[in-house]
Structure formats: structure tokens, C-alpha cells
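Inside the fold
Spelled out, the chains give:
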Amino acid sequence: MGRLASDDLEARLSESLDSSHLDWLLGDIVAREETAVNCLAVISDPHYNPFFSPLFFHSVQNIPVFIIKVQESEDLLAPNYQTVKTIQQVRHQGCTFYIILLTNGNQAVRLLRFGDKYRLLDTRARFVLLHDQRLLEPPAQYLWNKMINVVFLRNIPGTLHYELSTVPFPAQIQTTLETMRINIWRKGHFQSGKSLFPDKTRDMKGHPVSVVTFPHIPSTARSANTSGEEGEALYSGLEVEIIKSLSQVMNFVPLMYEVEGGDEWGERQLDGSYTGLLGEVMGGRAQLAIGNLQHSLYTLRLVDLSRPYMTQCFTFLTPESRSDNSWQTLVLPFLLNVWVAVLVTLFLGGFIFFSLAQFHRYLESSHQRHYKRKHNIQRKMAWLKNLNLATFSLKKKQNFNRRDADEESGNQQGVTPLMDGNTMKESQGLFIFEELENSILYTYGMLVSISLPKMPSGWALRMMTGWWWFYCLLVIVSYRASLTAILAKPEPKVTIDTLYELVNSPVRCGGWGEPERLFFTTSFDPDIHKIGLKFETTPDADRGVDRVASGTFAYYENSYFLLEAITRYWNRTKNNSLSGKEENKTMKNRNLHIMSDCIILMPISIGLEKNSPLKPRVDVFIQRVVEAGLIHKWLRDVMKESQDRYLSQQKEQVQALVNLRKFTGALVALGVGYGISLTAFIAEILHWHFVIRKDPLFDKYSMSRFYFCKKFK
């Protein structure tokens with residue numbers, strides 16, 4: 001907008017010179033930054049309210065303006081309700097330009113401190129303030145590490161000229177803070193066209209930036225055998241790579257250091273302060289924090305977080321038990337209902353074969369009786385035709401009657417009646433199914449691929465045998481394939497893979513600190529809330545993993561950290577065995593297992609100081625490295641060693657080798673057979689001594705006669 005060209009406005013501008021031209025200067029500043037201003041917030045006291053004249057509003061007529069008038073006696077460190085509501089509305093609208101004109105410098109400092117503490121002022125917006133030495137004293141100096149887009153206005157004594165200055169960034173503030181002149185304004189003219197609000201975070205000119213961290217996979221890992229020039233530890237990890245790349249882009253030197261005391265993320269103290277990583281950032285001793293910070297409300301209330309660069313699966317590390325069921329190898333290929341179906345089919349098939357054999361024998365007997373009767377009639381008719389004399393015919397008739405009586409008596413004594421060749425041939429294939437026990441035995445033999453001693457006679461039995469072979473083929477192939485798969489599989493494991501299984505298990509649960517416990521205890525999900533009731537804080541990860549290996553604990557963390565914890569546990573147990581230390585016997589049959597179900601997919605971010613001016617540029621950089629795929633590349637590099645070790649261990653466990661333990665099922669079957677046979681043998685001996693020999697007809701010198709008498713008794 002600049003200056004107004006009309007005669008009327010020129011007159012008003014000349015009148016404003018008597019008021020130190022402050023309204024004119026403010027209008028020029030806003031007009032110069034018009035493209036970056038979406039709305040304007042004005043905070044002033046009664047002394048400076050008149051300076052916002054119609055000239056000023058004419059200069060900013062295209063920009064929404066919020067005017068907040070405060071009293072000179074109002075304590076802006078705890079402002080009244082109306083002031084707070086107006087400031088909240090300004091923040092809600094996202095205003096990017098603030099003009100604060102307060103006569104009392106202490107009042108301005110208290111307002112800025114209040115806005116920074118409760119985030120009611122957008123510290124990354126543009127600020128215009130009156131130059132006051134009280135704003136630059138040590139109690140307020142921490143503000144200028146956050147509010148770097150600020151312009152101080154100071155009237156040059158004896159003139160109507162104004163000096164525009166700003167705070168240097170980055171700069172190490174010692175005792176006093178010296179502002180840096182950026183321009184001079186004189187009667188509507190700026191001395192230079194230099195930008196009043198340059199981007200100071202684009203090039204930090206090699207300034208050192210403190211970065212607090214601690215070892216936490218996959219974000220940070222401490223190198224074991226290397227150190228810096230001054231004995232400082234060197235770090236690697238996903239977030240370390242992000243910080244290194246960011247330092248090259250923004251031209252700063254990262255100074256990484258670990259938190260003291262082993263508090264890691266930190267906990268709230270009785271005085272309201274925090275220890276650990278969060279305490280370092282909140283105290284202003286570190287500008288950046290890397291340590292796998294979760295993008296949660298708990299962390300956001302304390303520090304600023306960058307744009308999430310990835311989401312991690314947070315789950316539990318649970319104990320894994322091995323169950324030795326090798327003695328069940330022979331019955332494992334089929335479920336219980338399948339075994340019941342096979343046994344029922346076996347007895348049903350044997351009964352069907354027996355029934356068909358009996359029916360076929362009945363048909364043969366009927367055919368024999370019919371053939372015999374017909375043959376006798378034909379013989380009698382032939383004799384009657386050849387006899388001429390009645391007496392001879394009568395004699396022959398008597399002879400025929402006597403022969404019939406002899407044949408009938410012979411049949412009663414077991415003499416086989418006259419049969420033709422086909423009948424004798426068919427009867428030879430019925431003996432294998434004529435008794436029920438033999439029928440079931442031969443049916444079972446076909447089921448285990450034992451051929452019949454002779455093909456059965458009768459088309460009904462032959463058709464039944466053919467379809468029974470089809471059934472046996474399907475059962476045998478299925479059983480063999482399943483048995484092969486079971487022998488090739490490793491030992492079965494009992495694991496906890498779902499949230500429901502974990503809730504119903506007797507193991508306790510735990511994690512690194514209080515925020516993790518609050519997540520479970522404040523959840524509305526009933527299962528997660530139940531876990532919160534038995535959740536324990538366990539900052540020592542190695543101790544928590546040892547408790548998991550003992551089978552009494554489940555440790556909560558991200559899946560990458562748990563994978564690294566498993567490999568560390570393997571290394572520790574291996575070193576203990578090599579050093580001769582005795583391992584806990586309860587750990588020998590247990591392994592560590594990561595639950596397949598994720599409790600939550602949590603975004604992970606870089607931590608920054610509250611209201612940090614670095615956040616916009618850090619967010620842009622992280623968005624670019626995510627889109628370029630560098631996050632996945634760095635993550636693979638960090639986890640490569642642990643994943644290779646874990647996969648190699650899994651391959652060693654999954655081997656298609658039949659050892660003696662897997663062969664136990666065959667030995668059990670053989671032992672059962674020996675036991676049944678021995679029992680039957682003992683039963684036969686007992687039956688011989690206590691039943692057969694006690695019989696009155698027993699004669700050891702004529703055993704054939706004894707059994708003949710017992711058979712027809």
C-alpha cells in the first residue's frame with residue numbers, strides 16, 4: 001500500500017507527524033508484509049490506543065484486525081477472562097502478525113511469558129514491539145530463542161526517525177542481549193529494501209545445536225568401540241541419520257549428549273519439573289531430542305513434536321513355551337472328529353462286508369436246494385418211463401426213497417451236497433468275510449494297504465471292495481501327507497498372539513514408564529484397561545526381558561526394539577554359558593515371542609523445544625525424506641544385523657529332520673502293541689490253567705478228542 005497519494009491523505013499524514021508518525025510507520029510495516037499476513041492482532045494500553053488512527057486502518061483495510069485493549073494495571077501473566085478469550089480467538093484464527101504497544105516493558109514481558117507458557121501466542125508469527133531494555137534482560141532472554149521474527153521500534157532521540165532492530169539468531173546469549181539494526185524509517189521511507197522478517201532458520205551459519213538422546217532402537221544406538229575426538233560417544237540410528245542430514249541442510253553443528261541418571265524419557269518430580277530427556281528439552285538445555293518419542297498428547301503438552309516420520313507397531317514381548325507332544329505323532333494328522341469318522345466307518349464297513357457275504361451264502365444255499373429238488377424229480381421221471389412192470393416200478397420207488405433218506409442224513413452229518421463247478425468256484429471267495437471278526441480284520445487290512453488273500457466272489461462284494469479301496473486311498477494319502485508335514489515341522493510352541501489371550505493369561509505386563517501405564521489405564525477398551533490394572537513400570541529393558549524369559553512377564557515396546565532385545569538376550573545367555581554361569585532351568589524350555597497383534601500403531605516424531613522456531617523447517621525436511629524413501633532405507637540399515645540374526649535363528653528351528661524325539665510316536669505305538677500282545681498272552685496262559693485244565697473232560701493225552709467234544713457239546 002505504501003503512502004497515500006491523495007491531497008486529503010497528504011494533509012492527514014502531515015498532521016500525524018505531530019504524533020511521532022507511529023501510526024504511519026505501523027501501516028507501512030504491515031503493508032510491506034501484506035502478502036504474509038492473513039489477520040492482524042493489536043494489543044495496546046490506553047496510552048497507545050490513540051495511535052491506531054484512521055490512517056492506520058486505511059493502510060490495513062484489506063486485512064482483518066483484532067484489537068485487544070488492556071489496562072495499565074492489569075497483570076498480563078494472569079490476564080482477565082475477556083483478554084484471555086480474545087487472545088484464544090486470535091490464536092484460533094491463526095493470525096500471523098502481532099503488534100504489541102505497551103508502555104510498561106514489564107507488562108509486555110509478562111504477556112509474552114504467559115503466551116509462551118500456555119501457547120496462546122503463536123511464537124512463530126511476526127511481532128512488532130516497542131524497544132524496551134526490560135525486554136532484553138536475562139529473565140526474558142529465553143523468549144528470543146523462540147520469537148525470532150520480531151522487530152523492535154525505537155525513536156531516534158531528537159528526530160522523527162525510527163530505528164528497526166531484531167534479535168540475532170542463532171546466537172549464544174550470555175548476560176546481555178544486543179539487538180541488531182535492520183532498517184531506518186523516515187517519513188514514510190525505509191532506508192533499504194531489506195526484508196524486515198527474513199527466514200533465520202534457513203542458514204544457521206554453523207551454530208552448535210544441542211541434541212539430547214539415549215540409546216533406543218531403532219532411533220539411536222551407541223557405538224561400542226568408537227568415540228569422538230574428545231572422548232564423546234558416537235551414535236548411529238534412524239533419528240541420528242535424520243539429524244545429520246538436517247544439520248547439512250540447515251547448516252548447524254549437532255552436539256549430541258545423553259541424559260544423566262538413566263531416566264531416559266524422564267518422569268515428573270514433586271516440584272513439577274521433569275527428569276531425563278523431557279527435562280532437558282523443557283529446561284532449555286537442548287533444542288532437539290531424539291529417542292523414539294511417541295506423537296501423543298502426553299508428550300505434546302510438554303514439548304513440540306515434528307511431523308511424524310513413521311508409525312511403529314507397539315506390542316508385547318511374551319514368553320514362548322515348547323510343548324512336547326511327539327508321543328502323539330501317529331494321531332496328530334487327524335482331528336478327533338476325523339478319527340471317530342474313520343473308526344465308525346471301519347466297523348460299519350466290516351459289518352457291511354459280513355452282511356453281504358451272509359446274504360450271498362444264503363442265495364447259494366437256496367440255489368443248491370432248488371437244484372437238488374429238480375435233479376431228483378428228473379431222475380424219478382426217467383426211472384418211471386423205463387419200467388414196464390408195476391412191481392419193478394414200486395421197488396425202484398422204494399430204492400429212490402431210501403436214497404433220498406441217505407442223502408438227507410448225509411447232509412445232516414456235514415456231507416457237502418452236490419454242486420456244479422460254478423457254485424464251488426464262487427464259494428471259495430466267501431470264507432474271508434463269513435465271520436464278523438475276520439471281516440473287520442480284512443477291512444482294516446485294506447485300510448492299511450494290505451491286499452486280500454483272494455478276490456471275493458459275488459458281484460455285490462466285488463463292487464463294495466472296489467469302492468472301499470477308493471475310500472482307503474483317500475484316507476491313506478491324506479494321513480501320509482499330514483504325517484510328513486508334522487514330522488517336518490519343529491516342536492509345537494505355545495504362544496500369546498492376541499490381546500484376548502494376554503488378558504486371560506496369568507503373566508504380568510509392564511513397560512518403560514508412566515505414560516505407557518496411563519495409556520492402558522485411561523483406555524476405554526475393556527481389554528486394554530484390564531492390562532492397565534496389572535501394568536508395571538520397568539525402565540530396565542534387560543531386566544524386563546529376563547522376566548519374560550522366566551515366563552511371568554510381558555514387556556511393552558515397539559516391535560523393532562523388542563527384536564533387538566531378543567538378540568541382546570541371546571547374546572547375554574550365550575556369554576553366560578561360555579563363561580560357565582548356570583542358567584535358570586525355567587528358561588531352558590522357553591523362548592521369546594513378539595505378539596503378532598499390534599496394541600496400537602503409534603506415530604513417531606523428533607522432539608523440539610516448546611514453541612521452537614525450528615519446527616516449520618524440520619517438518620518440511622522430514623516430509624521430503626519420507627517421500628524420498630530415505631526413512632525405509634535408514635531403517636533397514638539399522639535393523640539389518642538384528643533381523644539377520646533373528647531370521648537365522650528361526651531357520652535353525654525350522655528344519656525338516658526326524659530326530660529321536662519326533663520318532664517317539666512310532667515307539668509308543670510299538671510299545672502299545674507289545675503291551676496288548678503281552679496282556680493277551682498272559683490271559684491265554686491264565687485261561688489254560690484256570691479254565692481248560694479244570695474242565696472234567698480235559699485229557700492231555702487226547703487233546704483232539706477233547707476239542708471235538710467241546711465243539712459239539
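Residues numbered from 1 in each chain as written. Predicted model: local features only at pLDDT ≥ 70, side-chain atom pairs only at ≥ 80, totals over all residues. Heavy atoms only, no water.

**Thoughts on the pairing of strand β6 (residues 162-166)**
Counting buried positions along β6 gives five out of five residues, so the element sits mostly inside the fold. Side-chain alternation along β6 places Y162, L164 and T166 on one buried face and E163 and S165 on a second face that is also buried. Here four bridges tie strand β5 (residues 150-155) to β6, and the two strands are oriented antiparallel to one another. Note on β6: the bridge partner recorded for N155 is Y162. From the end of β5 to the start of β6, which pair antiparallel, there are six residues, and G158 there has a positive phi angle of about 85°. Across five bridges, β6 lies against strand β7 (residues 180-186) in antiparallel orientation. Bridge pairing in β7 places Y162 opposite W185. (Buried < 20%, exposed > 50% of the residue type's maximum accessible area, 1.4 Å probe, protein only. Helix = DSSP H or I, 4+ residues; strand = E, 2+ residues; numbered from the N terminus. Pairing = 2+ DSSP bridges.)

**Considering unusual backbone geometry**
F169 connects to P170 through a cis peptide bond whose omega is -5°. By secondary structure assignment, the location of P170 is in the loop between β6 and β7. Note the cis peptide between I217 and P218, where omega equals 5°. Inspection of the secondary structure assignment puts P218 in the loop between β9 (207-213) and β10 (221-227). A positive phi angle, close to 55°, is found at K205, a residue other than glycine. Topologically, K205 is positioned in the loop between β8 (189-190) and β9.

**Considerations on the packing of helix α13 (residues 436-447) against helix α14 (residues 459-488)**
α14 packs onto α13 with a crossing angle of 50° between their chain directions and a minimal axis gap of 9 Å. With respect to α14, the element α13 is oriented oblique. Between α13 and α14, the residues in contact are T443, M446 and L447 and T465, W468, W469, Y471, C472, V475 and I476, respectively. A class-by-class count of the residues in the contact of α13 with α14 yields eight nonpolar, two polar and no charged. (Axes fitted to C-alpha atoms, helices over the stretch in contact; angles between N-to-C directions. Parallel < 35°, antiparallel > 145°, perpendicular 65-115°, else oblique. Contact = heavy atoms within 4.5 Å. Nonpolar A, V, L, I, M, F, W, Y, C, P; charged D, E, K, R; others polar.)

**Let's talk about the sheet that holds β7**
Strand order in this open sheet of eight strands is β2-β1-β3-β4-β5-β6-β7-β8, and the pairing throughout is mixed. Because the sheet does not close on itself, it has two edges, and the strands there are β2 (65-69) and β8. Of the pairings in the sheet, the one linking β7 to β8 comprises two bridges and is antiparallel in character. Bridged to W185 within β8 is F190. Across the sheet, helix α2 (residues 22-32) is in contact with β1 (40-44), β3 (97-101), β4 (126-130), β5, β6, β7 and β8; its angle to β3 comes to roughly 165°. Contacts from helix α4 (residues 81-93) reach β1, β2 and β3 within the one sheet, and its direction differs from that of β2 by about 160°.

**Considering the confidence of the model for the chain**
Here the chain averages 80 in pLDDT, while 80% of its residues score no lower than 70. Confidence over residues 409-427 falls short of pLDDT 50; this stretch has 15 contacts with residues more than four positions distant or in other chains. (pLDDT = per-residue confidence, 0-100.)

**Concerning the nonpolar core**
Within the largest apolar cluster, 82 residues are counted, with the highest numbers of intra-cluster contacts made by Y309, F316, L317, L502 and Y555. The element contributing the most residues to this core is helix α19 (residues 559-578), with seven residues. Grouped together as the second largest cluster of nonpolar side chains are 33 residues, C39, L120, L143 and W144 included. (Core = buried A, V, L, I, M, F, W, Y, C linked by side-chain atoms within 4.5 Å.)

**A word on the packing of helix α16 (residues 514-521) against helix α17 (residues 526-533)**
Put simply, α16 and α17 touch, their axes get as near as 7 Å, and they point 135° apart. It follows from the interaxial angle that α16 and α17 lie oblique. The residues of α17 that touch α16, namely those facing F519, F520 and T521, are I528, H529, I531 and G532.

**What to know about the state of the cysteines**
Counted by the stated rule, this structure contains two disulfides. One disulfide in the model links C39 with C95; its S-S distance is 1.8 Å. Every disulfide takes its handedness from the sign of the S-S torsion; for C39 and C95 that torsion is -125°, giving left-handed. Separated by 56 residues along the polypeptide, C39 in the loop between α2 and β1 and C95 in the loop between α4 and β3 bring together distant segments of the chain. Between C313 and C598 runs a disulfide, and the two sulfur atoms are separated by 1.8 Å. With the S-S bond torsion at -115°, the cross-link from C313 to C598 turns out left-handed. In this pair, C313 sits in strand β15 (residues 310-322) while C598 sits in the loop between β20 (590-594) and β21 (600-608), placing the two residues 285 residues apart along the sequence. By relative accessible area, C313 is classed as buried at 14%. Each bonded cysteine in the chain gets a number by its place in the sequence, and the pairs come out as 1-2, 3-4. (Disulfide = S-S within 2.5 Å.)

**Structural notes on the pattern of salt bridges**
Applying the stated rule across the entire model yields 19 salt bridges. Where E536 meets R547, a salt bridge forms, and the shortest distance between an N and an O atom there is 3.1 Å. Pair noted here: E536 is in strand β18 (residues 535-537) and R547 is in helix α18 (residues 541-549), with a separation of eleven residues, a long-range link. Since its relative accessible area comes to 26%, R547 is described here as partly exposed. A salt bridge links D644 to K640; its shortest N-O distance comes to 3.1 Å. With a gap of four residues between them, D644 and K640 both fall in helix α21 (residues 630-653), about one helical turn apart. Residue class for D644 comes out partly exposed when judged on its relative accessible area of 41%. Three or more residues are tied together by salt bridges with common partners; here these are R119, R124 and D304. (Salt bridge = Lys/Arg side-chain N within 4 Å of Asp/Glu carboxyl O.)

**Remarks on a nonpolar patch on the surface**
Residues L678, F681, I682, I685, L686, F690 and V691 make up a contiguous nonpolar surface patch of roughly 670 Å² in combined accessible area. Looking at the secondary structure, you find I682 in helix α22 (residues 664-692). (Patch = residues over 30% accessible without salt bridge, like charges linked within 9 Å, V, L, I, M, F, W, Y side chains within 5 Å. Areas by Shrake-Rupley, 256 points an atom, 1.4 Å probe, with all protein chains shown as cover.)

**Regarding α13**
Relative to the 16 Å expected for twelve residues at 1.5 Å per residue, α13 spans 17 Å between its end C-alpha atoms, a close match to the ideal helical length. Turning to α13, its buried residues number three or more, namely S439, T443, G445, M446 and L447. One or two steps after α13, the chain reaches S449, where phi turns positive at roughly 70°. (Expected span 1.5 Å × (residues − 1).)

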